[in-house]
Amino acid sequence: MDAKEVAAHWESNAETWTMLSRAGHDRYRDALNTPAFLAMLPPVAGLGGLDLGCGDGTNTRAVARLGASMTGLDIAPTFLRHAREAERRDPLGVNYVLGDGLTLPFADRSFDFVTAFMSMMDMVDQAATLREVARLLRPEGFLQFSILHPCFVPPTRRNIRNAQGAPVAVEVADYFDESDGRVERWLFSSVSPEQQAVLTPFAVPRFHRTLSTWVAMIVGAGLSIEAFGEPRASEEVAAAEPIVADTRVAPIILHVRARLPATLQSGSSID
């Protein structure tokens, strides 16, 4: 599967995805992933950032509210249309650009940091994207991204529940299957049966990589890993949002922060 096919899938998803997520159905994002991601994010006030795979701009705007000057990039025009409409209604100074991660349309050293909320695992060539991100970062700039946890959400995964329906274990398989463009079809689990009957499921192409492959790609791009995060719902959040209770058994999301060194080697500037 190439980038054009991936773009076509996401463009077909974008209208329904935006409608449902803005209606509150992306519970993993709203109740767990975004709050944990922002808590892990270093201070960004006064910095220039790129949000890679920005979707409808919801998370881009959350970072902008922390004081960053943000640019959002996405592969799907419909996502960008919704993002720009939100910017017109409530301006935060966010600029949105159409593009993909393989050839980012910005000059070298354009940004202090890059974020990517749950987008990297859906990209055709993550190694090339990481190299592009490293090209864009200023000295000591950082990348922070979230992905489906490679170890606990490989291509095959199933929650195991007790008699009361509570998750108690996770069954995983196909961890080493790094096949490209495996299309998964689903809707957010909180969508009602009536809505599910009339909506077309999302078609999400996945490019699963093992944890060791992710580490090799990040280091191979010239970045230094400085933090991992594995969001876990608190007892209170799990009680209020039962959909995310399975993260108390095993994480489903991995957060990674990596930084571009000030020098590539002793005494040699990256510039």
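Just so we're clear, the structure is a prediction, and the values are computed from it rather than from any experiment. (Residues numbered from 1 in each chain as written. Predicted model: local features only at pLDDT ≥ 70, side-chain atom pairs only at ≥ 80, totals over all residues. Heavy atoms only, no water.)

Asks: Now, about the nonpolar core: what can you tell me, with residues and values included?
Replies: One finds Leu 50, Leu 52, Leu 104, Phe 106, Met 120, Phe 145 and Leu 223 to be the most contacted residues of the largest nonpolar core, which totals 30 residues. Broken down by secondary-structure element, the contributors of at least two residues to this core are strand 1 (48-52), strand 4 (111-117), helix 5 (126-136), strand 5 (137-148), helix 7 (211-220) and strand 11 (253-259). Ignoring anything within four residues of it in the chain, the contact list for Phe 145 reads Phe 37, Ala 116, Met 120, Trp 214, Ile 218, Leu 254, His 255 and Val 256. Counting 15 residues, the second-largest nonpolar core is a separate cluster that includes Phe 37, Val 44, Ala 64 and Leu 80. (Core = buried A, V, L, I, M, F, W, Y, C linked by side-chain atoms within 4.5 Å. Buried < 20%, exposed > 50% of the residue type's maximum accessible area, 1.4 Å probe, protein only. Helix = DSSP H or I, 4+ residues; strand = E, 2+ residues; numbered from the N terminus. Contact = heavy atoms within 4.5 Å.)

Asks: Just give me the short version of the pairing of strand 7 (residues 167-173), but keep the residues and values in it.
Replies: Examined bridge by bridge, strand 6 (residues 156-161) and strand 7 share 6 bridges and lie antiparallel to one another. By the bridge assignment for strand 7, Arg 161 is matched with Pro 167. Here strand 6 folds back onto strand 7, and the loop between the two strands holds 5 residues, one of which, Gly 165, carries a positive phi near 90 degrees. (Pairing = 2+ DSSP bridges.)

Asks: Quick rundown of the pattern of salt bridges? Include the residues and the values.
Replies: Summed over the entire model, instances satisfying the criterion amount to 19 salt bridges. Between Asp 246 and Arg 157 there is a salt bridge whose closest N-O contact spans 3.6 Å. Of this pair, Asp 246 sits in the loop between helix 8 (235-240) and strand 11 while Arg 157 sits in strand 6, placing them 89 residues apart in sequence. For Arg 157, a relative accessible area of 26% translates into the label partly exposed. Ionic pairing is found between Arg 158 and Glu 171, a salt bridge with its closest N-O pair at 3.2 Å. Placement of the pair is Arg 158 in strand 6 and Glu 171 in strand 7, with a sequence separation of 13 residues. Take Glu 171: its relative accessible area is 38%, and that puts it in the partly exposed class. (Salt bridge = Lys/Arg side-chain N within 4 Å of Asp/Glu carboxyl O.)

Asks: Pulling in residues and values, what's your account of the environment of Pro 167?
Replies: Structurally, Pro 167 can be placed in strand 7. Exposure remark for Pro 167: the relative accessible area of 17% places this residue in the buried category. For the pair Pro 167 and Gly 101, spaced 66 residues apart in sequence, the C-alpha separation works out to 36 Å. If we ignore the near neighbours within four places in the chain, the residues touching Pro 167 are Ile 160, Arg 161, Ala 245, Asp 246 and Val 249.

Asks: Please provide a residue-by-residue account of the sheet that holds strand 1, values included.
Replies: Spatial ordering of the open sheet is given by 3-2-1-4-5-11-10, a layout of 7 strands whose pairing is mixed. With partners counted over all chains shown, the strands left at the sheet margins are strand 3 (95-98) and strand 10 (224-229), one partner each. The mean inter-strand angle of the sheet, taken between neighbouring strand axes irrespective of direction, is 20 degrees. Where strand 1 lies against strand 4, 3 bridges are found, and the strand directions are parallel. For Leu 50, the partnering residue across the bridge sits in strand 4 and is Val 114. The strands that helix 2 (residues 27-40) touches are strand 4, strand 5, strand 10 and strand 11; relative to strand 11, the one it contacts most, it runs at about 25 degrees. Against the sheet, helix 5 touches strand 1, strand 4 and strand 5, its axis set at about 145 degrees to strand 5. (Axes fitted to C-alpha atoms, helices over the stretch in contact; angles between N-to-C directions.)

Such coordinate-based values are descriptive only and should not be taken to indicate function.
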